[in-house]
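Residues per chain, in single letters:
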Amino acid sequence: MIVRRMGVLAAALTVACAPALAGCGQTGPGGGGQSGASPGAPASSVKAYDINPVARDQVKDGGLLRWGLNEYPTNWNLNHVDGNLAMVKKVTDALLPSAFRSNEKGQISVSPDYVTAAKVTATTPKQVVTLTLNPKARWSDGKAVTWQDYEAQWKAMNGRNADYRVATTTGYQDIESVKKGRSDHEVVITFAKPFGDWQSLFIPLYPRSTNGSADAFNNAWVNKMPVTAGPFKFGAFDQTAKTITINRDDAWWGDRAKLDQIVFRALESDALVGAFSNGELDTFDVGPSAPDYARAKGTANAVVRQAAGPDFRHLTMNGESAVLSDVKVRQAVAMGVDRQVIAQSDLQGLDWPIVLLNNHFFMNTQGGYQDNAGELGAHDPEKAKQLLDAAGWKLSGQVRKKDGKELNLRFVAPSGLQLTKSEAELTQNMLSKIGVKVTLQSVPSDDYFTRYIIPGNYDITAFSYVGTPFPVSSGYGQYANAAKDSKGELQWNANLGRIGSKEIDAAMNAATAELDPAEAIAKANAADKLIWQAVNVLPLYQRPQNVAAKKTIANLGARGFYDLRYQDIGFTE
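Being a predicted model, the structure only gives us computed values, none of them experimental. (Residues numbered from 1 in each chain as written. Predicted model: local features only at pLDDT ≥ 70, side-chain atom pairs only at ≥ 80, totals over all residues. Heavy atoms only, no water.)

Colleague: Just checking my understanding: could you explain the overall build of the protein chain for this structure?
Modeller: On a plain count of helices and strands, the protein chain comes out with 14 helices and 28 strands. In terms of overall dimensions, the protein chain is globule-like: its C-alpha atoms have a radius of gyration of 22 Å, near the 25 Å expected for 573 residues. Residue burial in the protein chain is summarised as follows: out of 573 residues, 62% are buried. Taking as baseline every contact in the protein chain between residues at least 6 positions apart, the subset at least 24 positions apart corresponds to 72%. Of the charged side chains in the protein chain, 60 are positive and 58 negative; the average position of the first set lies 1 Å away from that of the second. (Helix = DSSP H or I, 4+ residues; strand = E, 2+ residues; numbered from the N terminus. Rg over C-alpha atoms; globule rule 2.2 N^0.38 Å. Buried < 20%, exposed > 50% of the residue type's maximum accessible area, 1.4 Å probe, protein only. Contact = heavy atoms within 4.5 Å. Lys, Arg positive; Asp, Glu negative; His and termini not counted. Charge placed at Lys NZ, Arg CZ, Asp CG, Glu CD.)

Colleague: Even after reading the chapter, I still don't get the packing of helix 8 (residues 339-347) against helix 10 (residues 418-432), so can you show me in this structure?
Modeller: Think of two packed helices as two axes; the pair is described by the angle between the axes and how far apart they sit. Here helix 8 crosses helix 10 at 155°, and the two axes come no closer than 10 Å. Looking at the two axes, helix 8 sits roughly antiparallel to helix 10. Relative to helix 10, helix 8 is oriented so that their crossing is right-handed. For the pair helix 8 and helix 10, the contacting residues are Val-341, Ile-342, Ser-345 and Asp-346 in the first and Leu-419, Ser-422, Glu-423, Leu-426, Thr-427 and Met-430 in the second. Within the contact of helix 8 with helix 10, the residues separate by chemical class into five nonpolar, three polar and two charged. (Axes fitted to C-alpha atoms, helices over the stretch in contact; angles between N-to-C directions. Parallel < 35°, antiparallel > 145°, perpendicular 65-115°, else oblique. Left-handed = near helix turned anticlockwise from the far one by under 90°. Nonpolar A, V, L, I, M, F, W, Y, C, P; charged D, E, K, R; others polar.)

Colleague: Would you explain the sheet that holds strand 10 (residues 186-191) in this entry?
Modeller: Strands belonging to one sheet form pairs held by backbone hydrogen bonds; the direction of such a pair is parallel or antiparallel. One open sheet holds the four strands; their spatial order is 7-8-10-9, and the pairing between them is antiparallel. Looking at which strands have only one partner, the edges of the open sheet turn out to be strand 7 (115-122) and strand 9 (175-180). Across the sheet, the axes of successive neighbouring strands diverge by a mean angle of 20°, strand direction being ignored. Both strand 9 and strand 10 contribute to a ladder of five bridges, which runs antiparallel. (Pairing = 2+ DSSP bridges.)

Colleague: Just to check I follow, could you spell out the pattern of salt bridges for this structure?
Modeller: Pairs can form between side chains of opposite charge once their charged atoms are near each other. For the coordinates displayed, the defined rule picks out 29 salt bridges. We note a salt bridge from Lys-155 to Glu-151, for which the minimum N-O separation is 3.5 Å. You can see Lys-155 and its partner Glu-151 sitting in helix 2 (residues 147-157), four residues apart, about one turn around the helix. In this structure, Arg-498 engages Glu-320 in a salt bridge whose closest nitrogen and oxygen atoms are separated by 2.8 Å. Here Arg-498, found in the loop between strand 24 (490-491) and helix 13 (502-513), pairs with Glu-320, found in the loop between strand 16 (312-317) and helix 7 (327-336); they are 178 residues apart in sequence, far enough to count as distant. Owing to a relative accessible area of 41%, Glu-320 belongs among the partly exposed residues under this scheme. Here the residues in one salt-bridge network are Arg-56, Asp-255, Arg-565 and Asp-568, joined through shared partners. (Salt bridge = Lys/Arg side-chain N within 4 Å of Asp/Glu carboxyl O.)

Colleague: Just to check I follow, could you spell out the packing of aromatic side chains for this structure?
Modeller: In this description, a pair of aromatic rings is defined by centroid distance and the angle of the planes. Applying the stated criterion across every chain, the model contains 20 aromatic pairs. Taken together, the ring pairs in this structure connect Phe-312, Tyr-448, Phe-449, Phe-463 and Tyr-465 into an aromatic cluster. The ring of Tyr-562 carries the charged tip of Arg-101 above its face, separated from the ring centre by 5.6 Å. (Phe/Tyr/Trp six-rings, centres within 6.5 Å; stacked < 30°, edge-to-face > 60°. Lys NZ or Arg CZ within 6 Å of the ring centre and 35° of its normal.)

Colleague: Teacher, can you tell me more about helix 14 (residues 517-534) here?
Modeller: Residues spaced three or four apart along an α-helix face the same direction, because each turn holds 3.6 residues. An ideal rise of 1.5 Å per residue puts 26 Å on 18 residues; helix 14 measures up with 26 Å between its terminal C-alpha atoms. The set of residues buried in helix 14 consists of Ala-520, Ile-521, Ala-524, Asn-525, Ala-527, Asp-528, Ile-531, Trp-532 and Ala-534. For helix 14, the angular spread of buried residues about the axis comes to 165°, placing them on one side. Check the buried side of helix 14 and you find it contacts helix 7, helix 8, helix 12 (471-479), helix 13 and strand 25 (537-542). At the N-terminal boundary of helix 14, the capping side chain belongs to Asp-516, with an oxygen 3.3 Å from the backbone nitrogen of Ala-518. Once helix 14 ends, the next one or two residues include Val-535, with phi positive near 55°. (Expected span 1.5 Å × (residues − 1). Arc of directions from axis to C-beta. Polar contact = N/O pair within 3.5 Å; in protein donor to acceptor, adjacent residues only side chain to side chain.)

Colleague: Help me understand the side chain of His-80, please; the structure alone is not making it clear to me.
Modeller: Of note, His-80 is situated in the loop between strand 4 (64-69) and helix 1 (86-92). For His-80, the side chain forms a polar contact with the side chain of Asn-218, separated by 3.3 Å. Residues contacting His-80, with those up to four places away along its chain left out, are Asn-75, Arg-165, Ala-167, Phe-217 and Asn-218.

Colleague: It is not clear to me how the packing of helix 12 against helix 13 should be interpreted in this structure. Could you clarify?
Modeller: Between helix 12 and helix 13, the shortest axis-to-axis distance is 10 Å and the interhelical angle comes to 165°. On the basis of the axis angle, helix 12 is roughly antiparallel to helix 13. In this structure, the crossing between helix 12 and helix 13 has a hand that is left-handed. Facing helix 12, whose interface residues are Val-472, Ser-473, Tyr-476 and Tyr-479, helix 13 presents Ile-504, Asp-505, Met-508, Asn-509, Ala-511 and Thr-512. Grouping the constituent residues of the contact of helix 12 with helix 13 by class yields six nonpolar, three polar and one charged.

Colleague: For this particular structure, what's the right way to read unusual backbone geometry?
Modeller: Most peptide bonds take the trans form, and the phi angle of most residues other than glycine is negative. Going from Thr-124 to Pro-125, the amide bond is cis rather than trans, its omega being 0°. You can see Pro-125 is positioned in the loop between strand 7 and strand 8 (128-133). Geometrically, the link from Ile-203 to Pro-204 is a cis peptide bond, its omega value of 0° lying close to zero. One non-glycine residue, Asn-223, lies in positive phi territory at about 60°. Along the chain, the position of Asn-223 falls in the loop between helix 4 (214-219) and strand 11 (232-238). You will see that Lys-242, though not glycine, has its phi angle at about 55°, which is positive. Of note, Lys-242 is situated in the loop between strand 11 and strand 12 (243-248). Relative accessible area serves as the criterion here: at 30%, Lys-242 is assigned to the partly exposed category.

Colleague: Explain the pairing of strand 7 to me, please; I cannot follow it from the model alone.
Modeller: Strand residues, when the strand is regular, have side chains that alternate between the two faces of the sheet. Sheet analysis places strand 7 next to strand 8, joined by six bridges and oriented antiparallel. Within the sheet, the bridge partner assigned to Lys-119 lies in strand 8 and is Thr-130. The turn linking strand 7 back onto strand 8 is made up of five residues.

Colleague: When you look at the confidence of the model for the protein chain in this model, what are you seeing that I'm missing?
Modeller: Caution applies to low-pLDDT regions: their predicted coordinates should not be interpreted in detail. With 92% of its residues at a pLDDT of at least 70, the protein chain reaches an overall mean of 91. Across residues 6-44 the pLDDT falls below 50, and counting only partners more than four positions away or on other chains, this stretch makes 259 contacts in the model. (pLDDT = per-residue confidence, 0-100.)

Colleague: Would you mind showing me how to read the sheet that holds strand 18 (residues 399-402) here?
Modeller: If you walk across this open sheet you meet the three strands as 17-18-19, and the pairing is antiparallel. Bordering the open sheet on either side are strand 17 (394-396) and strand 19 (405-406), each of which pairs with just one other strand. Bridge count for strand 18 against strand 19 is two bridges, and the pairing is antiparallel. The partner of Lys-401 across the bridge, within strand 19, is Glu-406.

Colleague: What's the story with the pairing of strand 21 (residues 437-443) in this structure? I'm lost.
Modeller: Two elements, strand 20 (residues 408-414) and strand 21, share seven bridges in a ladder whose sense is parallel. The residue of strand 21 that forms the bridge with Leu-409 is Val-438. Once you follow strand 20 into helix 10 and on to strand 21, the crossover reads as right-handed. (Right-handed = clockwise from strand over helix to strand, strands pointing away.)

Written out as structure tokens, the structure is:
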């Protein structure tokens, strides 16, 4: 499964086609891409993106694209904790505005269909950003996209009203005001404190009707897409066939979409490659599955497009679990797991370097990467046993016990995903050697996040985070401390490990507020060291983007940092 990391909003979940969240990215504030890989990083032969770029005049007009998904989401608000899924992003990227876009190098520019200019217009006494909106931009209900939509999204996302179940507040919480400029199409954003990744905000933008109340924010996009503003518009849901249909929007003011229609079809992960090989799908995300990779590559008139991206595979532990609430136990589990064995098992046969990831913000292939794992990154069963002894978990036969209770971890995995099943079995075997019992629980893929991982109904699990060009702000929500809602209940939002601290928040805030790129990197790595000690997310490896596609599909594939232009996707013959 995969979750999107919010870059400043980048946490999207999806199943791997390993589960994944969205949000990591290029080094430095403002998305300024810096080159330079760490020692042992994937070779330079790995592509930044692999989408078969073709000029629009060489792409056929018309056609239907059948796109496979590995889960069928119910909440289509990408900014909501339940909607923050990679599969939601795949669909809504064709339908909703984004103020900014990234090229394959992680360099950020305005998205001219929505924003014609954006710049920092003041730095003292406060940082001010001014956006000039495209006056042609309109929602599908006929209303213009104006500064009021930006104001409403800021108010929904800034964390001041915890009844809005936002995936993250990063960046929005630093804004003091969003006001009208010289016209309805000028937005003046004043920050209470500096925020370097300001170009990560308003990606995507939802209408003020969605953000105007907590009820609308939380519920208006559940099994509905009430308003759009993109090259495609919503067509239909088919709950039985598990399809989402979107159609070309002839009211779109930008370049006309090449395709007539896209039909997204959700299947269990192990069924996607079969549907692709049988000609029922035109494209799907293979993920880190060697058997599916080989089968897709062997499909007639097809190719697997591969690229490096800000995506990583990991184990996540639930800090509110009764057995994992003690940090010593989480540290023992981290040391009891041989990450190299898991990475070898996952990546063998994928034409991808097998290199462990020892950073929560920067990928191996990014400038700014440094190994912050320390002793927690090493496989050390003896040290793990000592930590468990110190925590009061004493060996009784084959399993440790404390106060008569077994140290038994429930490893929740989505059904139909062999990758996670294999990871769970390897983890089960490794941890048995330090006296920790692991019980595997397979759950329906469509329920995996919404009924198990997001509510904290698990002990340990594995999925992937899908990133953005904003490494710190996109990952912020995954490690941020909980906030209380109006009922006094803790809301962890995108922090699925439910582990945080004031110290981690302060360190991440220092990194996002830093406008000097070198200092921002240093502060991000300081925050990363604290996250390693807390043992929330245990990184495994940078995940390759493997996308199977018909050879004739243009402008679609493994995108890396590149933001797809859905209006350019089509067939060459």
